[in-house]
Amino acid sequence: MGKTEYDVVIWGAAGFTGKWVAKHFYDLYQGSELKWAMAGRNPDKLKEIASFIGDTDHEVPTIIADSQDEAALLNMAKQTKVILSTVGPYAYYGSLLVKVCAESGTHYCDLTGEVPWMRRMISEYHEAAQQSGARIVFSCGFDSISSDMGVYFLQAQAKAAFNEPLSQIQYYLMAAKGGASGGTVHSLLNVIEESKKSQEVADILENPYALNPNYLTFEGPDVQDQTDAIYDDVIEKWTAPFVMAAINTRIVRRSNALMDFSYGKGFSYAETQVTGSGIKGSLAAKSMASGAKLFFALASKKTPLALLKKYVLPAQGKGPRVDPNDPGFYKIKLIGTTSSGEQLTAIVHGDADPGYGSTSKMLSEAAICLADYEDALEVGGGCWTPSSAMGAALLKRLRANAGLSFDIE
């Protein structure tokens, strides 16, 4: 890329997660050598965000564009090294921006969890991104950095300790406190609606290797994600289906493929959510499993879906109540085993609500990493995952600036 005016442009800064991304940038980087701007389609809302982040003098530049205006998006892309996008559902609002970035050589990252959309973007724009040099990196929020970088960290530790990778890793969400934003919920609903209309989308959702380069022919050990309450003998607790598993597991498997199967072609990975021990843990796991099945059943029907949107679920652009004195948290345990039987456990901890607080910081640091702000990345253009594109450089930034810790237990 030639000389650009900005390192990072935050696209969708006026949204619920976008405003927290902007605040992270303002609090940590305003006045530094990092050059950044906020972008969106509504100038009045961008002014409101300036007030929210504390930019009373309106020092942060703004760019006005619409997600369906290719010329405006191209003009924005030409001004920056990286576009950070929080504008979802991405199947509705994100495709044209990916096209523009892939063709113009502008790096891109987002927080999507829409597997069918990612599959389509990879198929359509991976080669264009390779040719232009654009690094396109999806899923840089709680889904799926905590999973992808947690596995990357644990595998590196295993190779150093045992001189071989872990052939199997199980992810356990041990505890979390937070809430989902409207954008996240509506992205999930959009995927459900698409799967009912398209057999191709349904097949992608059922394929555990849907994001692998050769996803139609690749055969690995992993099958369906957990759907029922299960007692786990390893941690001796009850577990329930984890809603993000369908996204995270496919990102981790794509990372393995993009890194020349450094975890092994027979690498197996799964995710679950821990509910506790005894009768209480059992009842909680069974309740969560039943609730998840009921939600997906209702979301697949037109009338119940409309009622859910109107009376139950948060609207797009809205999110959970934010208490600065109680920012939320999450704790993840990753237990891995090598083919020779060696075992290693890692703990990943985040210091904020996974849905917006931690996500906004992870996404911000991923964008800054993509901009080669302090560490030059070795990979060229293409559709990457967080670990395969940024690896150790991102791990360092997450620990230093995003409130994440990665430790061996």
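Residues numbered from 1 in each chain as written. Predicted model: local features only at pLDDT ≥ 70, side-chain atom pairs only at ≥ 80, totals over all residues. Heavy atoms only, no water.

Caption draft 1: Representation of the overall build of the protein chain within the structure. Broken down by element type, the protein chain carries 14 helices and 14 strands. The buried share among the 409 residues of the protein chain stands at 54%. Surface accessibility of the protein chain: about 17600 Å² in total, with carbon and sulfur atoms responsible for 50%. A gap of 5 Å separates the mean positions of the 37 positive and 46 negative side-chain charges of the protein chain. (Helix = DSSP H or I, 4+ residues; strand = E, 2+ residues; numbered from the N terminus. Buried < 20%, exposed > 50% of the residue type's maximum accessible area, 1.4 Å probe, protein only. Areas by Shrake-Rupley, 256 points an atom, 1.4 Å probe, with all protein chains shown as cover. Lys, Arg positive; Asp, Glu negative; His and termini not counted. Charge placed at Lys NZ, Arg CZ, Asp CG, Glu CD.)

Caption draft 2: Helix α7 (residues 145–162), seen in detail. Here α7 contains 18 residues, and its C-alpha end-to-end distance of 25 Å stays within 8% of the 26 Å for a straight helix at 1.5 Å per residue. When we look at burial in α7, the residues that qualify are Ile-145, Ser-146, Ser-147, Asp-148, Met-149, Gly-150, Val-151, Phe-153, Leu-154, Gln-155 and Ala-158. Two residues or fewer after α7 comes Asn-163, characterised by a positive phi angle close to 60°. (Expected span 1.5 Å × (residues − 1).)

Caption draft 3: Structural view of empty space enclosed by the protein. Overall, the coordinates contain two cavities of 30 Å³ or more when judged by the stated rule. Space inside the largest cavity adds up to approximately 50 Å³. Across the lining of the largest cavity, the residue classes break down as four nonpolar, two polar and two charged. Reported here for the second largest cavity is a volume of approximately 30 Å³. (1 Å grid on protein atoms, 1.4 Å probe; cavity = no way out; pocket = protein on both sides within 12 Å on 5 of 7 lines; lining within 4 Å. Points joined across faces, edges and corners; volume = space filled by probe spheres on them. Nonpolar A, V, L, I, M, F, W, Y, C, P; charged D, E, K, R; others polar.)

Caption draft 4: Seen up close, the layout of surface pockets. The computed volume of the second largest pocket comes to approximately 280 Å³. Taken together, 16 residues line the second largest pocket, and the ones lying closest to its centre are Trp-20, Ala-352, Tyr-356, Gly-357 and Lys-361. Of all the secondary-structure elements, those providing two or more residues to the lining of the second largest pocket are α1 (16–29) and α13 (357–370). Sorting elements by how many residues they give to the lining of the second largest pocket places α1 first, with five residues. For the lining of the second largest pocket, the per-class residue count stands at seven nonpolar, three polar and six charged.

Caption draft 5: View of the pairing of strand β9 (residues 237–240). Here strand β8 (residues 230–232) runs beside β9; their pairing, made up of three bridges, is antiparallel. Across the sheet, residue Tyr-231 finds its bridge partner in β9, namely Trp-238. Linking two consecutive strands that pair antiparallel, namely β8 and β9, is a turn of four residues; a positive phi of about 60° is found at Glu-236 within it. Relative to strand β10 (residues 268–276), β9 runs antiparallel, the two sharing three bridges. When the sheet's bridge partners are listed, Ala-240 is paired in β10 with Gln-273. (Pairing = 2+ DSSP bridges.)

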